[in-house]
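Remarks on the overall topology
One letter stands for each residue in the lines below.
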Amino acid sequence: MIELSKTYDFKVHEQDIYKDCCDKGYFKPKPSGKGTYTIVIPPPNITEVLHLGHALNNTIQDVIIRWRRMQGYATLWLPGTDHAGIATQTMVCKDLAKDGTCKEEIGREKFLECLWNWNEKKGGTIIQQLKEIGCSADWERLRFTMDDMLSKAVRETFVRLYEEGLIYKGEYIINWCPSCKTALADEEVEHQDMKGSLWYIKYPFENEDGGITVATTRPETMLGDTAVAVNPNDPRYQGIIGKNLILPIMNRKIPIIADEIVDLEFGTGLVKVTPAHDPNDFEIAKRHDLEFINILNPDGTMNENAGECAGMDRYECREKVIKLLEEKGLLEKIEPHDYTAGHCYRCHTIIEPYLSKQWFVKMKPLAEPAKAVVKRGLVKFYPKRWEGVYQNWLENIHDWCISRQIWWGHQIPVWWCSDCREYIVSRDDIESCPTCGATDIKREEDVLDTWFSSWLWPFSTLGWPDDTKDLEQFYPTDTLVTAAEIIFFWVARMIMAGLHFMGEIPFKDVFIHGTVRDDIGRKMSKSLGNGIDPLVIIEKFGTDALRFTLIVQAAQGQDLFLSEKSFEQGRNFTNKIWNASRLIFSKIDRTYTYQEIQDVTPENLVDKWLLSRLNNVIDTVTDSLEKFRLNDALFGLYHFFWHEFCDWALECYKIPLEQNDTNTQKIVLHVYEKILRMMQPIVPFISDTLWQKLHENFIKGLPTKDLVVAPWVEMNERYTDDESEKYFNLIQNIISALRKERNEWNIPPGKKIGIGFVLHNSAIEEPIRSNFDIIKLLSTSEKIEFFEKRPDDGITCYVDRDIEAYMKLKGSIDIDEERKRLEAEIEKTDFLIDKIEKKLANKNFINKAPDDIVEKEKEKARFTHGKLE
């Protein structure tokens, strides 16, 4: 026997256990005849610190990888971080600004030095924090998207796609962030509903009186208009097609053209055409051979093409344009108008459609195979509904703008030869043109979109394009765990890249988890100030408590609603594990061999029921984990441990354990060690702590000293016993009913009572009779009798088709006193009901009281009626 401390001090055990596992190399893949199981971490940005979203995502991955490790797979959970081009550059620029300088002033080479220094200092922060939550990743394989190995993969990818005609440079309307001063892909634009206005502006005819009126949500862009368009089917404007207008403010001649893209219902049915600042206008301009006039500088100010508005901020320019139109009598009216505006996903600035030369990837040829593998079930989404979202995006995919006008990232491997007037795309840096030998060559200054390195993650991290042992052994990977918002950014692109460059899917399963929200449903964010720091939770409640709470709430595909108080549930669970273990360890008086506790023999109904229920929970937990229903796995284990093992089995075993019954001890250890094994993936620290106590004190020859590498539990079919479960469930129901009735009759806890049964099925007599001791113990009864019919002094407690159970009150309570108490309680309840119903019948109260107050009174009425019944 050993005595555990009264309470579980997680701070004493967690760090030591984690360090010990790392030192022993348990998180590295070990050779296995069962095969490999691989997960690549969604690489967090080096700018980030751990938040609950990271904690949820990585705890889910860790549960899966720990479970698969126990199943005997050679598991690789490959960690890494993303260089986060725009975000990291922005952070370093802010630091430079504090020192009174900027990247342009210090130059590209010095700025990149600053970035690498910043990465050196800050880059490992989130990795260290992931270790704090117990992530069992192979840290020796830690990758970074700017590592030499991954940079080689990025360059190889660009060159191959260029050689295949899938990468090109072209001038198109792109999404431009004036704050970050870079292009963005369509998926990097967050669309938000806005309150705005619709301005109705008069455009005069050239050389004749009158004019037309157009409506616009962006009056400042009219400075770049090169036409006004009308739908050719609009009968209102057939006579003006082909006429010229004078563009207000700029006094430039522009034509009226006909194009079917014009919406007859919007505004006046006439639309201004600004080809350099609107994607639809861009297409119109190409069809009608219009001029493209760019009026914006990269920082969102107006350029020289904006006339007297040059140098103004875009919104300052808007006010100036409106004022000028009013002065000229050309502003007809202004109406409120709701619209949707794109915002930069990094800095949340409103983006500008902007004509620019950029590098693009042709996506449709890559999308078709990616659609097919999901349709064929080769890649499965959990929950399945995300497959539809994925397929819909691929059906409507656009070419991917991959160039970014920043300095931090993979510089595009393209050079321009001034003599040949051609681009040179090369896997290696060059100093002269391979065609003409000229040295007057200039490298493309733009870098590649961060996602261009991330979409290669499942194979670049394993050594591609080289034929490495890791690539051969661990690709394709098995499972991807991620959030819904990067299905387009990352998941779909990884599938495309895997199929195109490796000829195989990058993973078989995609588990999409929910979003972490606060307890009133708001997404946690810095701006709202409603975030919860996982490290604060760990400090207060422990890592296991954090992990338990996240997993128990992580129903597949559903959002989590959390407050700091939520994590008390996890703490309570670890305390329950510890207290149950204290009891068990204090009652086992000898050491057994592992074989002895494996080959146990059930001797009574409790033994048979418990071992059968153990089989059931092993099946439930394993099946739920296979289906990525992690919260179902945890709930099944939680219910079995707390409510069946602790509340029933250990209570039933109280006397035999006190008597040092050998068979009972072996059965308790048999079940207990399997519970610990099932707990390990979710609450690894307390379970490993207790497993080591088992190893040192009670069970010789356990499969391993450290639980993290113990084998997963398996069902033993010879213990499945449906009949014993049925009979013990009946006894549970009877005991629960007796306890409830005792409570309602205010019978003191220590007062023993008589009980009786009327049987309608003779088959249950023996299970009932042979478990009298348990029924007496757990219902605090002293005498049990069988009757032909209900005894005169019996209170009905439980009835089903096989049995009726009665509690005999005579001698247990003072019947007359209890009757008086109940009558007084009924009278008090009747008075309360009458008072509530009068209030609810009062029309003044119903009409004037707040809805929530009225609802509370109605709920009070329902509760009080129920109490009376």
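What comes next concerns the included structure. Since we're looking at a predicted model, the values are computed, not measured. (Residues numbered from 1 in each chain as written. Predicted model: local features only at pLDDT ≥ 70, side-chain atom pairs only at ≥ 80, totals over all residues. Heavy atoms only, no water.)

A separate point is the pairing of strand S31 (residues 803-808). Where burial is concerned, most of S31 is hidden: six out of the six residues are buried. Neither face of S31 is exposed, since Ile 803, Ala 805 and Met 807 on one face and Glu 804, Tyr 806 and Lys 808 on the opposite face are all buried. For strand S30 (residues 794-799) and S31, the ladder comprises five bridges, and the chain directions are antiparallel. Of the residues in S31, the one forming a bridge with Val 799 is Glu 804. (Buried < 20%, exposed > 50% of the residue type's maximum accessible area, 1.4 Å probe, protein only. Helix = DSSP H or I, 4+ residues; strand = E, 2+ residues; numbered from the N terminus. Pairing = 2+ DSSP bridges.)

The next point concerns the side chain of Glu 188. As for its position among the elements, Glu 188 is in the loop between strand S6 (182-184) and strand S7 (189-204). Polar contacts involving the side chain of Glu 188 include one to the main-chain amide nitrogen of Ala 185, which spans 2.7 Å. Ignoring any residue separated from it by four or fewer positions in sequence, one finds Glu 188 in contact with His 343, Cys 344, Tyr 345, Arg 404, Asp 449, Trp 451 and Phe 489. (Polar contact = N/O pair within 3.5 Å; in protein donor to acceptor, adjacent residues only side chain to side chain. Contact = heavy atoms within 4.5 Å.)

Before going further, it helps to examine the sheet that holds S31. Read from one edge to the other, the open sheet built from four strands follows the order S29-S28-S31-S30, with strand pairing classed as mixed. The open sheet has two edge strands, strand S29 (781-787) and S30, and neither has a second partner. Strand-to-strand twist in this sheet, taken as the mean axis angle between neighbours without regard to direction, amounts to 25°. Across the sheet, helix H27 (residues 772-779) touches strand S28 (753-759) and S29, and the angle it forms with S29 is around 130°. (Axes fitted to C-alpha atoms, helices over the stretch in contact; angles between N-to-C directions.)

Moving on, we come to the environment of Trp 176. Counting through the fold element by element, Trp 176 comes out in strand S5 (residues 167-177). Sequence-distant contacts of Trp 176, that is, excluding residues within four places in its chain, are made with Lys 181, Thr 182, Ala 183, Pro 298, Ile 351, Glu 352, Tyr 354, Gln 358 and Gln 405. Reaching out from Trp 176, the side chain makes a polar contact with the backbone oxygen of Pro 298 at a distance of 2.7 Å.

With antiparallel pairing, the three strands of this open sheet are ordered in space as S8-S7-S13. One side of each edge strand has no neighbouring strand; the edge strands of this open sheet are strand S8 (211-216) and strand S13 (331-344). Neighbour-to-neighbour, the strand axes of the sheet open up by a mean angle of 20°, direction not taken into account. Inspection of the sheet shows S7 paired to S13 by 13 bridges, in the antiparallel sense. Bridging from a neighbouring strand, Trp 199 pairs with Ile 334 of S13.

Distances and angles like these do not, on their own, reveal function.
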